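Listed below are the residues making up each chain.
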Amino acid sequence: MKKYFALLLVLAMVLSLAACGGGDKPASPDTPDDVDAAATAFTTVEEGKLHMSTNAEFPPYEMTTDAGGFEGIDVEVADAIAKKLGLELVVDDMGFDAALTAVQTGQSDIAMAGITITDERKEVMDFSDSYATGIQVVIVKEDSSIQTVDDLANAEMIGTQKATTGYIYCSDTPENGGYGEDHVTAFDTGALAVMALVNGQVDAVVIDNEPAKAFMAQNPGLKILDTEFAVEDYAIGFAKGNTALLEAVNTAMAELKADGTFQDIVDKYITAE
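A few points on the structure. (Residues numbered from 1 in each chain as written. Predicted model: local features only at pLDDT ≥ 70, side-chain atom pairs only at ≥ 80, totals over all residues. Heavy atoms only, no water.)

1. Considering the packing of aromatic side chains
- Counted according to the given criterion, the structure contains five aromatic pairs.
- An angle of 65° between the planes, with centres 6.4 Å apart, marks the rings of Phe-58 and Tyr-234 as edge-to-face. Here Phe-58 is found in strand β2 (residues 57-58), whereas its partner Tyr-234 is found in strand β13 (residues 230-234), with 176 residues between them in sequence. For the pair formed by Phe-58 and Tyr-234, the shared burial category is buried.
- Ring geometry for Tyr-169 against Phe-229: centres 6.4 Å apart, planes inclined by 40°, an arrangement best described as tilted. Here the residue Tyr-169 occupies a position in helix α5 (residues 165-171), and Phe-229 occupies one in the loop between β12 (222-224) and β13, the gap between them amounting to 60 residues.
- According to the relative accessible area criterion, Phe-229 is buried, its value standing at 17%. (Phe/Tyr/Trp six-rings, centres within 6.5 Å; stacked < 30°, edge-to-face > 60°. Helix = DSSP H or I, 4+ residues; strand = E, 2+ residues; numbered from the N terminus. Buried < 20%, exposed > 50% of the residue type's maximum accessible area, 1.4 Å probe, protein only.)

2. Notes on empty space enclosed by the protein
- Per the counting criterion, the structure on display carries two cavities of 30 Å³ or more.
- Considering only enclosed or pocket space, the largest cavity measures out at about 100 Å³ in volume.
- Split into classes, the residues belonging to the lining of the largest cavity amount to three nonpolar, seven polar and two charged.
- Taken together, Phe-58, Gln-136, Gln-161, Thr-164, Gly-166, Val-206, Ile-207 and Asp-208 make up the full set of residues lining the second largest cavity.
- Broken down by element, the residue count for the lining of the second largest cavity peaks at three residues, all from strand β11 (residues 204-208). (1 Å grid on protein atoms, 1.4 Å probe; cavity = no way out; pocket = protein on both sides within 12 Å on 5 of 7 lines; lining within 4 Å. Points joined across faces, edges and corners; volume = space filled by probe spheres on them. Nonpolar A, V, L, I, M, F, W, Y, C, P; charged D, E, K, R; others polar.)

3. Some remarks on the nonpolar core
- If you look at the biggest cluster of nonpolar residues, it comprises 35 residues, and the most contacted ones within it are Ile-81, Leu-85, Ile-110 and Ile-236.
- Those elements that place two or more of their residues in this core are β1 (49-54), α2 (73-84), β5 (88-93), α8 (243-258) and α9 (261-269).
- Sequence-distant contacts of Ile-110, that is, excluding residues within four places in its chain, are made with Leu-50, His-51, Met-52, Ser-53, Ala-78, Val-103, Ile-236, Gly-237, Phe-238 and Leu-245. (Core = buried A, V, L, I, M, F, W, Y, C linked by side-chain atoms within 4.5 Å. Contact = heavy atoms within 4.5 Å.)

4. Examining the packing of α2 against α8
- As a packed pair, α2 and α8 sit with axes 9 Å apart at the nearest point and diverge in direction by 110°. Judged on the interaxial angle alone, α8 and α2 are roughly perpendicular. Here the hand of the crossing between α2 and α8 comes out right-handed. Along the contact surface, α2 presents Val-77, Ala-80, Ile-81 and Lys-84, while α8 presents Val-249, Ala-252, Met-253, Glu-255 and Leu-256.
- Taken together, the residues of the contact of α2 with α8 sort by class into seven nonpolar, no polar and two charged. (Axes fitted to C-alpha atoms, helices over the stretch in contact; angles between N-to-C directions. Parallel < 35°, antiparallel > 145°, perpendicular 65-115°, else oblique. Left-handed = near helix turned anticlockwise from the far one by under 90°.)

5. A word on the side chain of Asp-126
- Take Asp-126: it is sitting in strand β7 (residues 125-127).
- Since its relative accessible area comes to 18%, Asp-126 is described here as buried.
- Not counting the four nearest positions on each side in its chain, Asp-126 is found in contact with Ile-236, Gly-237, Phe-238, Ala-239, Lys-240, Gly-241, Asn-242 and Leu-246.

6. Considering a negative patch on the surface
- Side chains of Asp-172, Glu-175, Glu-181 and Asp-182 sit close together on the surface and give a patch of like negative charge.
- Looking at the secondary structure, you find Glu-175 in the loop between α5 and β10 (184-187).
- Under the relative-accessibility criterion, Glu-175 is labelled exposed at 69%. (Patch = residues over 30% accessible without salt bridge, like charges linked within 9 Å, V, L, I, M, F, W, Y side chains within 5 Å. Areas by Shrake-Rupley, 256 points an atom, 1.4 Å probe, with all protein chains shown as cover. Salt bridge = Lys/Arg side-chain N within 4 Å of Asp/Glu carboxyl O. Lys, Arg positive; Asp, Glu negative; His and termini not counted. Charge placed at Lys NZ, Arg CZ, Asp CG, Glu CD.)

7. What to know about the side chain of Thr-165
- Tracing the backbone through its elements, the reader meets Thr-165 in helix α5.
- If near-sequence neighbours (up to four positions away) are discounted, Thr-165 is found in contact with Thr-116, Thr-118, Arg-121, Gln-136 and Glu-232.

In structure tokens:
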């Protein structure tokens, strides 16, 4: 009887192990063998959707349409990434600093808004591989006495967008290469900073090059200084430790670059000079 019971116990263990192994499905014709398991294990804020927090005041990367929707490089790239992940993109428009906070606190899955990788931001959020190079420039009036970046030291007031690297750089102390908080005004959007320049409230605006060109086209009498203020890398922001989603997005972005989709999107919004 003991031998019979032992045989039954062994059989039960074999069946149990077989059942546990059932989760490892063989690759089907529709599933590549080299699919990264981590890339399929991510979760999102809302099932079936990819929430992107952004500030849609940053042409040509993100902006609103006349119909009330959203468009731009970041928006179309995020939509292409979402499709590759089998998700539907949801754009959550808010202030720039709020967009960063939203992804840090788990209210959104990704943040895309021409976000620059900095050491300070890496302490509170993770970043994808860089997908673009951002150039900070200086906008002034055509008759301004500020003719070079060095002349910014003589500006009474510099305008920037709130929480951006432009603000961080400019508001830093002179010892660290900045101009001091007393000489910088932060606005909710880049457009408001440029309007303050037009109205004479600030002497110059430090902002990214592509939005600068768009704002300048809308406001005659302005110009961009020839010298670059700073060169940076743009990346997608994630909540700290959200490795599975980050790796999945990196994989999708690499595929979009490899098949030409990413460049097609960029070319749609930025004309080669």
